[in-house]
Amino acid sequence: MAMDLTVNGVRHSVDVAPETPLLWVIRDQLRLTGTKFTCGIAQCGACTLHIDDRPVRSCSVPVSAAVGKAVTTIEGLSPDGTHPVQLAWMELDVPQCGYCQSGMIMSVVGLLKRRPNPTDAEIDAEITNACRCSTYHRIRKAIRVAAASISARGGAL
Amino acid sequence: MTITDNFSRRGLLATAAAVTGALVIGFWLPRRTEAQSFNPEGAAWSNETGDDEVNAWVVVAPDDTVTVRIAQTELGQGVWTSNAMMVAEELQCDWSKVRPQYASANRDAKEMAPAWTLNVMGNGATDPNGGGEPQFGTRDRTGLAGIPDSLYRRMRTNAAASVKDGRYYLQLAGAEARDRLLLAAAKLWAVPVEEVSSVNSVITHRGSGRTTTYGKVASLAAETPHPNPQRIRIKPPSEWTLMGTEQKNLDVPSKVTGTAVYGIDVHLPGMKWAAVKSCPVYGGKVKSYDFERIRNEPGVISAIQFPIPDPVLIRGRIFGGGVAVIADSWYQAKTAIDKMPIEWDVPAANATRNTANIRAALIASLDEPGTVRVNVGDCDSVFRSAARIVEATYSVPYLPRARMEPGNATVLVADNRVDIWIGDQSPQETRRSAAQITGIPEENVYLHMCHLGGGYGRNGNGPQAEQAIYVANQNRGTPIHLLWTREEDFINTTFRSIGVAKLRAALDKDGWPIAMDVRTATDAEAPGATAGFDIAARYFAPNYRFSTHSGRFHIPVGTRRGVGAPAQHFYRESFMDELARAAGKDPYLYRRELIARTNLPYRADMIKALDIAAEMSGWGTKLPEGTARAIALEERGAEAGGHATISAQVHTVSISRDGKVRLERVDVAHDEGFGLVNPLSVRKQIEGQVTWFYNDAMYQECNVTEGRIAENNFDTFLLSRINEDPPQINVTFFKTGHWLDGMGHDRGLSIQSNIADAIFQITGKRYRDLPFRNHDLTWT
Ligand code: FES
Ligand code: FES
C-alpha cells in the first residue's frame, strides 16, 4: 500500500504493508540506518525516533501511524551534529559501543523539549532506554551539560 | 515494494558490482562521510597500499592526514583511539589529523609481518620489575593459538589484551615510520639524519632551521627502507607525551549522529535479507520445514536449511542447525519465517536438561575427586582438629552477553572471491571459516570490518558469519545480509557457564584461616575455571587446597566478560566477608592482614588499593540506617610478577524496608601500572563495568527449560536503566611498577560480593546464589 511519509522534513512515498513497523521502513526503505534494531518489543529504546516531537519506539509503531505526521530521526536532529545534546554527548565522550546512542539521544531530546531543565527524578522516570555498555553515568552528566547550554540559548529546544 | 522518490541512498557505500567473476569492491570505512571523501570507487582493500603507505600501519597523505590501520575491532572499549595513540606517540604526528581505519584481514592472509614486529621485547620500554615481557603465545599462522606472524599479527579483540599484546609492535610501527620519514627528509636536504627531528608532523633541520612536513616527504619515505629495523627504539613511559593523556574517542562523533556503520547497517546493490531460526535446543537440527506455506508471502524468495555450524570453525561450540528464509527486506523474511512450520530433530538427552538438574549435577560433582590444582600443606588434618569451621556453598547462573546489536553478517560469494561485511572480533578465524565453507582460498576472502554494537567477551563471534557464509554460498552472486532477531541472538550465543562452589575454612582461635578448601564446578568446557583461586591463596592460609570439578552439558559455554573471574570472585570475596564476620573483624582490615601475610609479588599494591578505596569511601564512618558499605579486592595476574591489574572497590548500598536495593556510590582505587594509554577510556570502562556487574548481581540469569534457554529478550532478561546508576562513581588511579594486564572486563566484579555483604549487614540475611532479585531482601 502506498503511503506518504515525512521524515526529517522530506516527503517520501513508500509502498509497504501498513502494519510494517516504522523502524523497518526507516532503515530498509529510506536507508536511514542511524535508528537501530535491538529487541523489537519496545523494551530497549534503541529504535527511538520522534513522531511530532514525541519519542516513540519505532519497532512497535506501525508505519501507518506516522502518515501525515512529522517523523524525525537522529539524522534529522541537526545537519552537522551540533544539536546541543549531540555536543554534550561529545563533550562527555558518552558512547562506548554507541549502538544505543541514537535512540538514547532522541529520548533525551524529547525530554528536554518538554522539560528543559529536568530533575534527576524526571530523568530517571523518562529515560528508560537500555545501554548494555552502561554509559548511564556520563549520560546523566551530558543531560546536565545540554540543559545548561539550552538555557544559555534562551531556554527552549 | 517500491520507493518512488529519489532519496539519497545513504547506505550505499561499498561499490560491490555483483558481476560474477569481475568483482570490484570498494574498501569499507566505518563512516560514510569519510568513505565518500576517500572516493573508494574501484579501490580494492588489498591494493590500497598506495604510494604514500609508509608501512602497513601508517599512511601519510600530502595534507599530513595520517591514517592508522587498526587491527582490533571497536566495540566500545576505545581501541580505535588507544591503538592509534600508541602508533601516533612514536610517529610524533599531529594527533588532530589522525584517522583510524580498519586493517585489511585479506592482506593479513597474503603478507607476513615485518621482521621488526616479531622481535617485540621492551626495546627501551623495560620494566624494572620484569613486567615488560610481552605475554605472547606461540606463533600460529591461523591466529587460533597465540599470535600469528601474519601481517597484522594479532587481529583478535579479546582478553582485554589490545594494549597489552599490541603495544610493542604498535609503538614499533609508529617508530619505524617516523625513522623513515626523518630519513627521507635528511635525504632530501642531504644532511645527516641525526640533525633532523620532528614534532606534530613537522620535520626540522637543527642546523639550518629548514622545515618540511610528513605529508611532503611521505612518498619518499615509502621508498626508503629502514636501515636497521632491529634497532628501532620505542619510548619508555617517561617519554610519552600523547599516551597517558585523556583523549576523546575518535569514533564518538559518528556515534552521536547515527553515521557510524555497524554490520547491521550494510546495504549493497542487489542485496537480499535472511532471517533465520536455529534449533533452540543446542545440538538439534531441522527435521522438516514447509516452505510452501510461506512461498507467496510478500517479498519471499527462498528458504535454505543450514547444518549445525562446524564446531571446528567455532572453537568447538555446538549450536543448532536451522533454516533461513530469504526475502527482499528483513522484516518480510522475519514475518514469513515466523509463519513457517518447522519441525526439529532434537537429541533426546539434551531436551531433558533444565537448570535444576544441571545445578544438581554440578553440586554432586563437588564431592568427587575433581582436578586438584593447588595443594599446599595438609588441609585434611587441620580440618579434623580445627576448633572452628566455616563452610558456604555458592552458585551463579548461565549468563549471555546480550549485546545490543543482534548478530548479523553480509556475505557475497562469487566464483573465486568472498566478501564479508561484519563486526567481528576474530577476522582471522572468520576468514578461515569462509575458506572452509566455500572452498575459496583465504587469500581471496575480504573482510570489510564494521564497528560492533557491543562485545563483552567476544559476542562478535557467534556463528553469524558461518551461517551467513553458508547461505550466501548457496546463493552465489547475490549479497545476503543475515540478521538474527533478539531471540535468535540469545540462541546463537555462548554463555558464561553456570557454576557452583563450596568453600570451607578452618579458623584459629583469633579467627584467622589456618586451612582452606575450595571446590568449584562448571561445565567442563568452560574457560577460566581456575581464575582467582589458582595460587596458594590470594589471602593467606598456610594449608590450602583448590580443586575444580565439572559436568558436561549441551549449553555452549564461552568467554563472557571477565571469563572465569566474575563467578570465582563472587565466591572468594563473599567467603572472605563471611570469615571476617565469623572472626568478628572488620572485612577491610581482615583482608589487609591476610594479604600482608602472603608472599605475592604485588601484595604492597593490593594493600594500597584496599587502603585507598577504604579511605575514599569514608570507611568506618557512620551511615544512615538501611545503608552499608562493603569492600572487595580485584586483581588479575597477581600471582605471576608480570602483567597485572589490581583494584579495590567499596560499594555503599542502601536497601529500603520493602527490599529495594540502591547503589549509592562506588569508590574505586585502580592501578595504572606504569601508565594508562588513554585514561579517559579506562574511566569509561570502569563506569560501565560497575553497572554491568550490578546487573549480573541483581537481575540476570538464563535458565534452561527442556533443553532450551528460557530468557530470550529484554522483557525476561533484565537490564537496569539510568535510574539505577549510582549517583557517585569515584575513581582514583595509583601508580605501580608493572604493565597493566588489561582492564576491559573484570573491573567491577566486587559489586557482587559487596551487595551480598550489604544485604547481610542491613537485613541479617546472607545470600549465596545470584541473582539477588530471587531473594527476599525486606527487613524490619
Ligand atoms: S528495538 Fe524498539 S525498543 Fe528495542
Ligand atoms: S553505548 Fe553500547 S549499548 Fe549503549
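Residues numbered from 1 in each chain as written. Chains lettered and ligands numbered in written order. Predicted model: local features only at pLDDT ≥ 70, side-chain atom pairs only at ≥ 80, totals over all residues. Heavy atoms only, no water.

### Here we look at the environment of Asn703(B)
Residues and elements named next belong to chain B. Note that Asn 703 resides in the loop between helix 18 (679-698) and strand 25 (704-705). As for Asn 703 and Ser 302, which are separated by 401 residues in sequence, their C-alpha atoms are 34 Å apart. Those residues in contact with Asn 703 that sit more than four places away from it in its chain are Thr 355, Arg 708, Ile 709, Ala 710 and Glu 711. There is a polar contact of 3.4 Å between the side chain of Asn 703 and the side chain of Glu 701. (Helix = DSSP H or I, 4+ residues; strand = E, 2+ residues; numbered from the N terminus. Contact = heavy atoms within 4.5 Å. Polar contact = N/O pair within 3.5 Å; in protein donor to acceptor, adjacent residues only side chain to side chain.)

### Some details on the domain arrangement of chain B
Much of the literature gives interface size as the accessible area that the parts lose upon coming together. According to the domain assignment, chain B consists of domain 1 (45-256), domain 2 (263-347 + 407-483) and domain 3 (356-399 + 495-774). Taken over C-alpha atoms, the centre of domain 1 of chain B sits 38 Å from the centre of domain 3 of chain B. (Domains from an automatic or database assignment.)

### Here we look at the packing of helix 12 (residues 427-438) of chain B against helix 13 (residues 464-473) of chain B
Residues and elements named next belong to chain B. Relative to each other, helix 12 and helix 13 sit at 30°, their axes nearing to 10 Å. For the crossing formed where helix 12 meets helix 13, the hand is right-handed. The segment helix 12 lies against helix 13, with Thr 430, Ser 433, Ala 434, Ile 437 and Thr 438 engaging Ala 465, Glu 466, Ile 469, Tyr 470 and Asn 473. Residue composition of the contact of helix 12 with helix 13, by class: five nonpolar, four polar and one charged. (Axes fitted to C-alpha atoms, helices over the stretch in contact; angles between N-to-C directions. Left-handed = near helix turned anticlockwise from the far one by under 90°. Nonpolar A, V, L, I, M, F, W, Y, C, P; charged D, E, K, R; others polar.)

### Section: the pairing of strand 18 (residues 480-483) of chain B
Residue and element names in this part refer to chain B. Because side chains alternate across strand 18, one face comprises the buried residues Ile 480 and Leu 482, and the other comprises His 481 and Leu 483, equally buried. Of the strand pairs in this sheet, strand 15 (residues 408-414) and strand 18 are connected by four bridges, and their pairing is antiparallel. Opposite Thr 410, over in strand 18, you have His 481 as the bridge partner. (Buried < 20%, exposed > 50% of the residue type's maximum accessible area, 1.4 Å probe, protein only. Pairing = 2+ DSSP bridges.)

### Examining unusual backbone geometry
Most peptide bonds are trans, and most residues other than glycine sit at a negative phi. With omega at -5°, the peptide bond leading from Leu770(B) into Pro771(B) counts as cis. Looking at where Pro771(B) falls in the secondary structure, it is placed in the segment after helix 19 (750-763). Even without a glycine there, the phi angle at Asp52(A) is positive, about 50°. Topologically, Asp52(A) is positioned in the loop between strand 3 (48-51) and strand 4 (54-57).

### Some remarks on the sheet that holds strand 7 (residues 211-213) of chain B
Residue and element names in this part refer to chain B. Strand order across the open sheet formed by three strands is 5-6-7, with antiparallel pairing between neighbours. Bordering the open sheet on either side are strand 5 (196-199) and strand 7, each of which pairs with just one other strand. The average undirected angle you get between the axes of adjacent strands in this sheet is 25°. Note that strand 6 (residues 202-205) and strand 7 share three bridges and pair antiparallel. Looking at the pairing, Ile 203 lines up with Thr 212 of strand 7.

### Things to note about the interface of chain B and chain A
At the interface, 70 residues of chain B touch 57 residues of chain A. For the chain B face of the interface with chain A, the top three residues by lost area are Val256(B), Met404(B) and Ile722(B), together amounting to 16%. At the junction of chain B and chain A, the tally comes to four salt bridges. Asp93(A) serves as the salt-bridge partner of Lys684(B), at 2.9 Å between the closest nitrogen and oxygen. Taken together, the links from chain B to chain A amount to 30 residue pairs in polar contact (both at pLDDT 80 or more). Sorting elements by how many residues they give to the side of chain B that touches chain A places helix 18 of chain B first, with nine residues. Residues belonging to the side of chain B that touches chain A are distributed by class as follows: 30 nonpolar, 21 polar and 19 charged. (Buried area = accessible area lost by both parts, 1.4 Å probe. Salt bridge = Lys/Arg side-chain N within 4 Å of Asp/Glu carboxyl O.)

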